[in-house]
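The lines below spell out each chain.
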Amino acid sequence: MSAAHELVLSDEIISAVDAIQGEATEFLKTIVAIDSTLDKGEEEVQTTILKLLQETLGSGADVEASGAKSNTQPKCFDVERIPVILDKIKDKRGFSPVDWNYDESKFNVVASYQGGSSDGSEGSNKALLLQGHVDVVPANESDGWTHPPFSPIIKDGRMYGRGSGDMKAGVVAMIYAVIALRRIGYLPRTNLTICTVIEEECTGNGALAANHTSLLPFSDTTKTAVIIPEPFNFIVNAQMGVLWFNAKITGKPCHVLQTSAGSNAIEGAFSLFAALKVLEEKYNEPSNTHKAYEGIDHPVN
């Protein structure tokens, strides 16, 4: 491909992305308005994304209505609703025990496309996975919001609403990037998968379940690149996890005249907290810091 042709193609792609920005912004407002906290569940937002993928990339895509180049239109994505099944992940490394059920409302959304090799034949030894989570942390107006957190608004070029940054904007960006390409008749030659997962904010079990579904039909020899568009202003190739635990601290009651004969559970909690802070500082010593976090101040918190 000549440099001139690459420049024309680049301009065409940029124009396609610009043309789709309004549509993408409206869809972002739609899913930010959906409360996808753990209490409310992710079913509604996942169903909304599933429908979008079916209509724009799947078999329901309207090529003519989208303005796509029908003579070069790539084949459709397989768009699926993949349930998170407890029995398939409970013994996997990284599984987080839960006290709720994984029923039909708990599912990932996967849209997959099998590309071709450079000679035009089916199949590729390279793959690209675009993955993001759709759950959000709780938000109440009493937390300092000046506008209801699930009623998104745009002010000075920024959208405000719970989850607009973390990470529904990233999810919309990765989806509409592919939609923009498809509408001008292009898709990567590689295998390509779009996956939206549940429970990133609490357990990570959604991504754990996705490991065994979103990379299919890729083989062990496939060279896979993964992009997770979290809202950082820099690129990282590793990410911290989270450890949840319950600590039970028992005191010994006594009369106020004999406090030395008892023990205060609250004061005991202070001691535990202080010990954890010492451990935190130890983890952040340069000699204990993983090389992926070199240059990042205090990565463990």
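Reading the values: rules and limits
Residues numbered from 1 in each chain as written. Predicted model: local features only at pLDDT ≥ 70, side-chain atom pairs only at ≥ 80, totals over all residues. Heavy atoms only, no water. Core = buried A, V, L, I, M, F, W, Y, C linked by side-chain atoms within 4.5 Å. Buried < 20%, exposed > 50% of the residue type's maximum accessible area, 1.4 Å probe, protein only. Helix = DSSP H or I, 4+ residues; strand = E, 2+ residues; numbered from the N terminus. Contact = heavy atoms within 4.5 Å. Pairing = 2+ DSSP bridges. Axes fitted to C-alpha atoms, helices over the stretch in contact; angles between N-to-C directions. pLDDT = per-residue confidence, 0-100.

1. Some details on the nonpolar core
Then, in step 1: Counting 37 residues, the largest nonpolar core has Leu 53, Phe 77, Ile 175, Tyr 176 and Ile 194 as the members making the most contacts within it.
Then, in step 2: Only α1 (3–32), α2 (43–56), β2 (107–113), β3 (126–133), α5 (164–183) and β6 (191–197) provide two or more residues apiece to this core.
Then, in step 3: Discounting residues that sit within four places of it in the chain, Phe 77 has contacts with Leu 57, Gly 58, Ser 59, Ala 111, Ser 112, Tyr 113, Val 178, Leu 187 and Leu 192.
Then, in step 4: One finds Val 84, Ile 89, Tyr 102 and Ile 198 within the second-largest nonpolar core, a separate group that totals 7 residues.

2. A few points about the sheet that holds β3
Then, in step 1: Taken together, the 5 strands give an open sheet; going across it, the order is β1-β2-β6-β3-β7, and neighbouring strands pair in mixed fashion. The two strands at the open ends of the sheet, each matched to only one other strand, are β1 (78–83) and β7 (223–227). Taking the axes of each pair of neighbouring strands and ignoring which way they run, one obtains an average angle of 20° across the sheet.
Then, in step 2: Across 5 bridges, β2 lies against β6 in antiparallel orientation. Considered in β6, the bridge of Ala 111 is made with Ile 194.
Then, in step 3: Each of β1, β2 and β6 touches α2; the most contacted strand, β2, lies at about 15° to it.
Then, in step 4: Those strands touched by α5 are β3 and β6, and its axis lies near 145° from that of β3.

3. Some details on the confidence of the model for the chain
Then, in step 1: Considering every residue of the chain, the mean pLDDT works out to 87; 87% of them sit at 70 or more.
Then, in step 2: Across the chain, the element-wise mean pLDDT spans from 49 in helix α3 (residues 63–66) up to 98 in α2.

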